[in-house]
Structures are given as structure tokens and as C-alpha cells.
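Now for the letters of each chain:
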Amino acid sequence: MSEPEQVVERTLVLLKPDAVARGLTGEVLRRVEAKGYRIVALVQRSADRELLAAHYAEHVGKPFYEPLVEFMLSGPLVAVVLEGQRVVEGFRSLAGATDPTTAAPGTVRGDLGRDWGAKVIQNLVHGSDSTESAAREIGTWFPEL
Ligand code: IDP
Ligand code: MG
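All of the points below concern the structure found in this document. (Residues numbered from 1 in each chain as written. Chains lettered and ligands numbered in written order. Predicted model: local features only at pLDDT ≥ 70, side-chain atom pairs only at ≥ 80, totals over all residues. Heavy atoms only, no water.)

What follows is about the site of ligand 1. Contacts to ligand 1 come from Lys16, Tyr56, His59, Phe64, Leu68, Arg92, Thr98, Arg109, Lys119, Val120, Ile121 and Asn123. In this structure, lysine 16 approaches ligand 1 through a side-chain N or O atom, which is 3.0 Å from an oxygen atom. Within the side chain of asparagine 123, one N or O atom sits 2.8 Å away from an oxygen atom of ligand 1. Grouping the constituent residues of the shell around ligand 1 by class yields five nonpolar, three polar and four charged. (Near = heavy atom within 4 Å. Polar contact = N/O pair within 3.5 Å; in protein donor to acceptor, adjacent residues only side chain to side chain. Nonpolar A, V, L, I, M, F, W, Y, C, P; charged D, E, K, R; others polar.)

Attention shifts here to the sheet that holds strand β3 (residues 77-85). Read from one edge to the other, the open sheet built from four strands follows the order β2-β3-β1-β4, with strand pairing classed as antiparallel. Of all the strands in the sheet, just β2 (38-45) and β4 (125-127) have a single pairing partner and so form its edges. For this sheet, the mean inter-axis angle between neighbouring strands, taken without regard to orientation, is 20°. (Pairing = 2+ DSSP bridges. Helix = DSSP H or I, 4+ residues; strand = E, 2+ residues; numbered from the N terminus. Axes fitted to C-alpha atoms, helices over the stretch in contact; angles between N-to-C directions.)

This part takes up the pairing of β3. It is a general feature of regular strands that their side chains alternate between the two faces of the sheet. In terms of residue burial, β3 counts as a mostly covered element, since eight of its nine residues are buried. Bridge count between strand β1 (residues 8-15) and β3: eight bridges; the pairing is antiparallel. Of the residues in β3, the one forming a bridge with leucine 15 is valine 78. In this structure, β2 lies alongside β3, joined through seven bridges in antiparallel fashion. Counted as the bridge partner of arginine 38 is glutamate 83 from β3. (Buried < 20%, exposed > 50% of the residue type's maximum accessible area, 1.4 Å probe, protein only.)

Okay, the nonpolar core next. Ranked by size, the top nonpolar core spans 20 residues in total, and within it Leu15, Leu82, Phe91, Leu124 and Val125 carry the most contacts. Listing elements by their share of this core, those giving two or more residues are β1, α1 (17-21), α2 (25-35), β3, α5 (87-95) and α6 (108-112). The biggest single contributor to this core is α5, with four residues. Beyond its immediate chain neighbours, meaning those up to four positions away, leucine 82 contacts Glu9, Arg10, Thr11, Val13, Val32, Arg38, Ile39, Val40, Val87 and Phe91. Ranked by size, the runner-up nonpolar core spans 19 residues in total, among them Tyr65, Met72, Leu77 and Trp141. (Core = buried A, V, L, I, M, F, W, Y, C linked by side-chain atoms within 4.5 Å. Contact = heavy atoms within 4.5 Å.)

Under the criterion given, the structure shown has zero aromatic pairs. The lysine or arginine in question, arginine 114, covers the ring of tryptophan 116, its NZ or CZ lying 4.1 Å from the ring centre. (Phe/Tyr/Trp six-rings, centres within 6.5 Å; stacked < 30°, edge-to-face > 60°. Lys NZ or Arg CZ within 6 Å of the ring centre and 35° of its normal.)

All right, on to the environment of alanine 19 then. Structurally, alanine 19 can be placed in helix α1. For alanine 19, a relative accessible area of 0% translates into the label buried. Beyond its immediate stretch of four places on either side in the chain, alanine 19 contacts Leu24, Thr25 and Leu124.

Written out as C-alpha cells, the structure reads:
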């Protein structure tokens, strides 16, 4: 019997305003491409409150939601769609844990991030946490896809 075919997934990545402001978009995308994932779509743009409410629907009402929105509105960000087998978990692994102070060395957040004393954790990147979230988030940022 033949192996089951590996399903090609997509995930939604955001290079957050801190990554853009610090000139780290190239470094993050370098890691993504070196890992072997394909960039399907990429745009630098600003967010707005409505978009962020859709994107961060599961966090609306949490204590860090308002600072998170202010942070995400603080400058341009880069939205990216990546494609590859198991890219949802693969990008989360490249990104590292949410808290950049303790994120593992070797990860984007662990190598390039730190605590800046802000009300919200500034951790450079977002990656979808499941294929269901990815489908919803890609629809939010790239309705044409
Ligand atoms: P994730 O980005 O690792 O998936 P989530 O729990 O989905 O983490 O949180 C979304 C974003 O909100 C985080 O990336 C971080 O910027 C911010 N955040 C999460 N938890 C906290 C917190 O407890 N305090 C402040 N900011 C937080
Ligand atoms: Mg999340």
C-alpha cells in the first residue's frame, strides 16, 4: 500500500510592527525560505481596528487586548502567506514561544526578541495556530486568496 499523500498547507504570518521598525523582515523571511517554505503572498501595510478585531477575535476582552491593538497599529507590518507540508506547526516552531525572554535560542523570538518593558509582549511575529485559524486569518488579510 502506498503512503498517504502529504497535504500541502498554508499559514498566515505577520511580521509585526517591531520587526518592521527594527529592520528584521529580511532576517525572518531568510529563515522561512532557508527552511524551505514557499512565499505565496506578501504585502507591507498598516492594520486597522476592524481588521485586528477579526484577526485577534479570540483575544477580544482580555487585559492585553487594547495594548496589543495599540502595538499592532503603531506602524506598518508585513502580512505573508506561506505554503508547505505541515507549515502551520513548522512556522510556530521557527517563531518560538510567545515570551521572547524565554523563547528557545535558535528561534526568531528567542534570537531576536526581548522584553522592552511594554504592556504587551512584543515578539516580532504572528503565526496561525491551526489549519482552521490559518484559513480564517488568510481570508482576513488576503480576501482575494
Ligand atoms: P502567540 O502569538 O504565541 O500565538 P497568543 O496567546 O495568541 O500568542 O497571543 C497573541 C499575542 O498577544 C502574543 O503574540 C503577544 O504579542 C500578546 N500577548 C499574549 N499574551 C500576553 C500577555 O499575557 N501579556 C501581554 N501580551 C500578551
Ligand atoms: Mg496565537
